Amino acid sequence: MVKAEGVHKRFGRLEVLRGIDLEVGRGEVMCLLGPSGSGKSTFLRCINHLERINSGRLWVDGELVGYREAGGKLHELHENEIARKRAEIGMVFQSFNLFPHMTALENVTLAPIKVLGVGRDEARRRARELLARVGLSDKVDSYPVALSGGQQQRVAIARALAMRPKLMLFDEPTSALDPELVGEVLDVMRGLAHDGMTMIVVTHEIGFAREVADTVVFMDAGVVVEAGAPAQVLGRPRNERTRAFLEKVL
Amino acid sequence: MPVRRPGRWVAAAIVLVIAASIVRSIVANPHFQWGVVGHYMLDSRILHGVVATIYLTFLAMAIGIVLGVVLAVMRMSPNPILSSASWLYIYFFRGTPVLVQIIFWYNIAALFPRINLGIPFGPSFVHANGNSLITVFVAAMLALGLNEGAYMAEIVRAGIISVGEGQTEAAASLGMRRLAIMRHIVLPQAMRVILPPTGNETISMLKTTSLVYTIGFAELFYEASQIYGATYQTIPLLIVASIWYLILTSIAYVGQHFIERRYGRGFTRAQRVTMRERWLGIGRGDGERAAAR
């Protein structure tokens, strides 16, 4: 579903990604771990072209992300084509980024109506379904300001799911939450993984990674240090840097 | 028991004494000719001027707001030609006096005796005589509206900047395009920041319209000046005009309050404080007010 080959990303002179090679199969869950500044969030943002890569190749569902290749050269896609591809990839942010001037229901129905052209009634019906699925049937008409962090993040997940994405990206979805609210968001994500959604999750929740991930990737300083099954990477890390990091967070 | 504040009472007493003496000197002074003021308040020429002022303010602000949004979006566009064109417009219209612009538009026919509408450098479809197209009214509306557009552009831009980048990213990740994001996500939130200074601009515009009396457009101040030009009752008619301007700006203030409340949705957790509560609640202690918030 997602394939990266030699992905490089620079911000000015700072090289944030220094050649990332990864592959995520359909229906798989990949968790990206690593110290802050290791480039894992940047990599995630490259996948839906919120950041443009400087070199390498990145495919989602067999198609290059943000570019088309012609005569051995990459040409950036037109804004509208980029938007069309982004619509197929859901993203959940650390800071929720719900639209504060809309109710939970309006947050979820906006993109299906405006981007996919779904009818208003149909969009509402489906939004109610999704909000029920994340356990927020009673908060349909609430504005984000009246919701807790955990509730906001669950609305954000429903909002992304409303686009029927083939891939979900989670950028530290529980890092801004109070500890007692982390569980409710992880439960929703666990359910998604169980239903077969392809997911890439940047997280510090080692327990979640161990339980849900098919692959755990440890990144540091812009490279993949170690990747493999959770039991191997988290249980018997081969690399010294992985070991040092896990000792700190566990 | 609330905290005692003797300083407040002393300050209030001093202010009241000063205010009372000013009021007395105004009311008792026969030169103000309050009878004349009363006589002209509802004079048909004055009322006509009031309507014209409202009309002109409304049109000039409508042009200014639409133009301001367009200029602000252009200014922030990644296209360098659009953004510099917008910059140049703002630079020019903010940098020259509005009075000069008014007289300039009034005399535009001297520069362009014939005005053609059509494809630039190609055929034109509509021809008009400059003098008959640019009437006093059109000149007034254009001058004030185009000038206002430059100021509104900066106000709108400030509002757009105030909306966090995360909002744009979230909308983009849902597959929305730039203009749709602007319309559905950024501008509605920017309204909170845009509205208070826009109210200010509207109130300012109500008064700035008086400048077009120089080109003979019959708004409130022009009508008042016509009357005192004939009767030499200058001060009473200036008072008539001032009272009317105060009434109009008060109405604008109330309107602003309600519009701001509409666009505050989703930004406050607490029950909204109505105007009435605010005035009746003025005596409450600071602690209570903070708790109520």
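Residues numbered from 1 in each chain as written. Chains lettered and ligands numbered in written order. Predicted model: local features only at pLDDT ≥ 70, side-chain atom pairs only at ≥ 80, totals over all residues. Heavy atoms only, no water.

### Here's the deal with the overall build of chain B
Counting its regular elements, chain B contains 14 helices and two strands. In terms of overall dimensions, chain B is more spread out than a globule: its C-alpha atoms have a radius of gyration of 25 Å, far above the 19 Å expected for 293 residues. C-alpha extents for chain B along the principal axes are approximately 75 × 65 × 30 Å. Summed over its atoms, the accessible surface of chain B is roughly 17,500 Å², and 67% of this surface lies on carbon and sulfur atoms. (Helix = DSSP H or I, 4+ residues; strand = E, 2+ residues; numbered from the N terminus. Rg over C-alpha atoms; globule rule 2.2 N^0.38 Å. Areas by Shrake-Rupley, 256 points an atom, 1.4 Å probe, with all protein chains shown as cover.)

### Some thoughts on the environment of Val70 of chain B
The topology assignment puts Val70 of chain B in helix α3 (residues 44–75). In sequence terms Val70 of chain B and Ser86 of chain B are 16 residues apart; their C-alpha atoms lie 8.9 Å from each other.

### Topic: the interface of chain A and chain B
Opposite the 27 residues of chain A that make contact, chain B presents 21 residues. Between chain A and chain B we count one salt bridge in total. Here Arg45 of chain A and Glu169 of chain B are joined by a salt bridge, their closest N and O atoms 2.6 Å apart. On the surface where chain A and chain B come into contact, there are five residue pairs in polar contact (both at pLDDT 80 or more). For the side of chain A that touches chain B, the secondary structure elements donating two or more residues are α2 (79–86), β8 (89–92), α3 (104–116) and α5 (149–161) of chain A. Per element, the largest residue contribution to the side of chain A that touches chain B is five residues, and it comes from α2 of chain A. Taken together, the residues of the side of chain A that touches chain B sort by class into 17 nonpolar, four polar and six charged. (Contact = heavy atoms within 4.5 Å. Salt bridge = Lys/Arg side-chain N within 4 Å of Asp/Glu carboxyl O. Polar contact = N/O pair within 3.5 Å; in protein donor to acceptor, adjacent residues only side chain to side chain. Nonpolar A, V, L, I, M, F, W, Y, C, P; charged D, E, K, R; others polar.)

### Quick word on the side chain of Gln153 of chain A
Residues and elements named next belong to chain A. Looking at the element boundaries, Gln153 is found in helix α5. Residue classification places Gln153 among the buried residues on the basis of a relative accessible area of 0%. Among the polar contacts listed, one links the side chain of Gln153 to the backbone oxygen of Phe93, at a separation of 2.7 Å. Discounting chain neighbours no more than four positions away, the residues touching Gln153 are Val92, Phe93, Gln94, Phe96, Pro173 and Val185. (Buried < 20%, exposed > 50% of the residue type's maximum accessible area, 1.4 Å probe, protein only.)

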